[in-house]
2 protein chains.
Amino acid sequence: MIKATVYVTIKKGVLDPQGVAVQGALHSIGFQEVESLRIGKYIEINLDMDDRAAAEVQLKAMCEKLLANTVVEDYRYELEA
Amino acid sequence: MIKATVYVTIKKGVLDPQGVAVQGALHSIGFQEVESLRIGKYIEINLDMDDRAAAEVQLKAMCEKLLANTVVEDYRYELEA
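The numbers attached to residues start from 1 for each chain and follow its sequence in the written order. Note on labels: chains are lettered from A, ligands numbered from 1, in written order. Only residues with pLDDT of at least 70 get local features here, since the model is predicted, and only at 80 or more are side-chain atom pairs given and counted; chain-wide, interface and lining totals rely on the full set of residues. Each side-chain value is derived from all of the structure's non-hydrogen atoms; neither hydrogens nor water enter the calculation.

Draft legend 1. Spatial organisation of the interface of chain A and chain B. Two residues qualify as a contact provided that any one of their heavy atoms is within 4.5 Å of a heavy atom in the partner residue. The partner chain B presents 33 residues to the 33 residues of chain A that form the contact. Counting each side, the surface lost to burial between chain A and chain B is near 2900 Å², with a carbon and sulfur contribution of 64%. Three residues stand out in chain A for area buried against chain B, namely Phe31, Glu33 and Tyr42 of chain A, and they jointly supply 22% of the buried area on that side. Salt bridges, as used here, are contacts in which a Lys or Arg side-chain nitrogen is within 4 Å of a carboxyl oxygen on Asp or Glu. Our enumeration of links across chain A and chain B arrives at zero salt bridges. Any N or O atom pair separated by 3.5 Å or less is treated as a polar contact, with the protein-specific requirement of one donor-capable and one acceptor-capable atom, and with residues adjacent in sequence counted only for side-chain atom pairs. Inspection of the region where chain A meets chain B yields 14 residue pairs in polar contact (both at pLDDT 80 or more). Elements are defined by DSSP. Helices are runs of H or I of four residues or more, strands are runs of E of two residues or more, and each kind is numbered from the N terminus. Elements with a minimum of two residues in the side of chain A that touches chain B: strand E1 (2–10), helix H1 (17–28), strand E2 (34–47) and helix H2 (52–67) of chain A. With 14 residues, the single largest contributor to the side of chain A that touches chain B is E2 of chain A. For this classification, the nonpolar set comprises Ala, Val, Leu, Ile, Met, Phe, Trp, Tyr, Cys and Pro, the charged set comprises Asp, Glu, Lys and Arg, and every other residue, Gly included, is treated as polar. Tallied by class, the residues present in the side of chain A that touches chain B amount to 19 nonpolar, six polar and eight charged. Computed with a 1.4 Å rolling probe, the buried area is the accessible surface lost when two parts are put together, summed over both parts.

Given below as structure tokens:
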């Protein structure tokens, strides 16, 4: 089994309304030192396969097809042992 | 300025409906090898402060008060240089 982690983040220059809202909420409860904040997704996947190279190919395909909207989001992934 | 990353994940044993839905969607488009999948939040924060110890205290407070629902979510954070 291969354990993978996928990070999906909003591209630079694209507005992140959720991040703006959370930043505003943090300011309103006294965390004035928050200069900027952006929220992405953190996806933990267990893959029932053993070939790491094949797993990378599959992960890339999953990100492109479903996990990330590549028009406005970037993605990266890491494999664990 | 200190750059921090916060990871908010759903606790083990707590149902992750979003993860279940995405796993189902991946299966339906042919990614049968996905055995399990859980989705958390990945938050990038720029803090307008220089004291790393103070930043850790602030981050912990932000997580406890707003970023994570500690009843059902775990959090961890990392500081960059």
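Draft legend 2. Examining the packing of aromatic side chains more closely. Here is the rule: rings of Phe, Tyr and Trp (six-membered ring for Trp) pair when centre to centre is within 6.5 Å. Planes less than 30 degrees apart are stacked, more than 60 are edge-to-face, and the remainder are tilted. Evaluation of the coordinates by the stated rule reveals seven aromatic pairs over all chains. Arranged with centres 6.4 Å apart and planes meeting at 15°, the rings of Tyr75 of chain B and Tyr77 of chain B form a pair that is stacked. Joined through ring pairs, the aromatic side chains of Tyr7 and Tyr42 of chain A together with Tyr7 and Tyr42 of chain B make up one cluster. In this scheme, the term charge over a ring applies when either NZ of a lysine or CZ of an arginine sits within 6 Å of the ring centre and within 35 degrees of the ring normal. Here the basic side chain of Arg76 of chain A rests over the ring of Tyr7 of chain A, its NZ or CZ set 4.1 Å away from the ring centre.

Draft legend 3. Fine view of a negative patch on the surface. Patch membership is restricted to residues that have no salt bridge and whose relative accessible area is over 30%. Joining uses 9 Å for like charges and 5 Å for the nonpolar side chains Val, Leu, Ile, Met, Phe, Trp and Tyr. Accessible surface area values rest on a Shrake-Rupley calculation with a 1.4 Å probe, where residue burial reflects the displayed protein chains alone. We count Lys and Arg on the positive side and Asp and Glu on the negative side, and we leave His and both chain ends out. For this purpose, a charge sits on NZ of Lys, CZ of Arg, CG of Asp or CD of Glu. Residues Glu35 of chain A together with Asp48, Asp50 and Asp51 of chain B make up a contiguous surface patch of negative charge. Position of Asp48 of chain B among the secondary structure elements: in the loop between strand E2 (34–47) and helix H2 (52–67).

Draft legend 4. Seen up close, the pattern of salt bridges. Residue and element names in this part refer to chain A. Applying the stated rule across the entire model yields four salt bridges over all chains. Of the charged contacts, one joins Glu64 and Lys60 as a salt bridge, the two residues approaching to 3.9 Å between their closest N and O atoms. Of this pair, Glu64 and Lys60 both sit in helix H2, four residues apart, which is roughly one turn of the helix. The partner of Glu78 in a salt bridge is Arg76, with the nearest N and O atoms 3.5 Å apart. A 1.4 Å probe rolled over the protein chains alone gives each residue an accessible area, and that area as a share of the maximum for its type sets the label: buried under 20%, exposed over 50%, partly exposed in between. The exposure class of Arg76 is partly exposed, given its relative accessible area of 38%.

Draft legend 5. Molecular detail of the side chain of Glu73 of chain B. All names here are of chain B. Along the chain, the position of Glu73 falls in strand E3 (residues 73–79). In this structure Glu73 is buried but unpaired, with Lys41 as the nearest side chain of opposite charge at 4.2 Å. If we skip the residues at most four places from it in the chain, Glu73 touches Val8, Thr9, Ile10, Lys11, Lys41, Leu67 and Ala68.

Draft legend 6. The arrangement of the environment of Asp74 of chain A in detail. Residues and elements named next belong to chain A. The residue Asp74 is located in strand E3 (residues 73–79) in this model. The partly exposed category is assigned to Asp74, whose relative accessible area is 35%. In sequence terms Asp74 and Cys63 are eleven residues apart; their C-alpha atoms lie 9.3 Å from each other.

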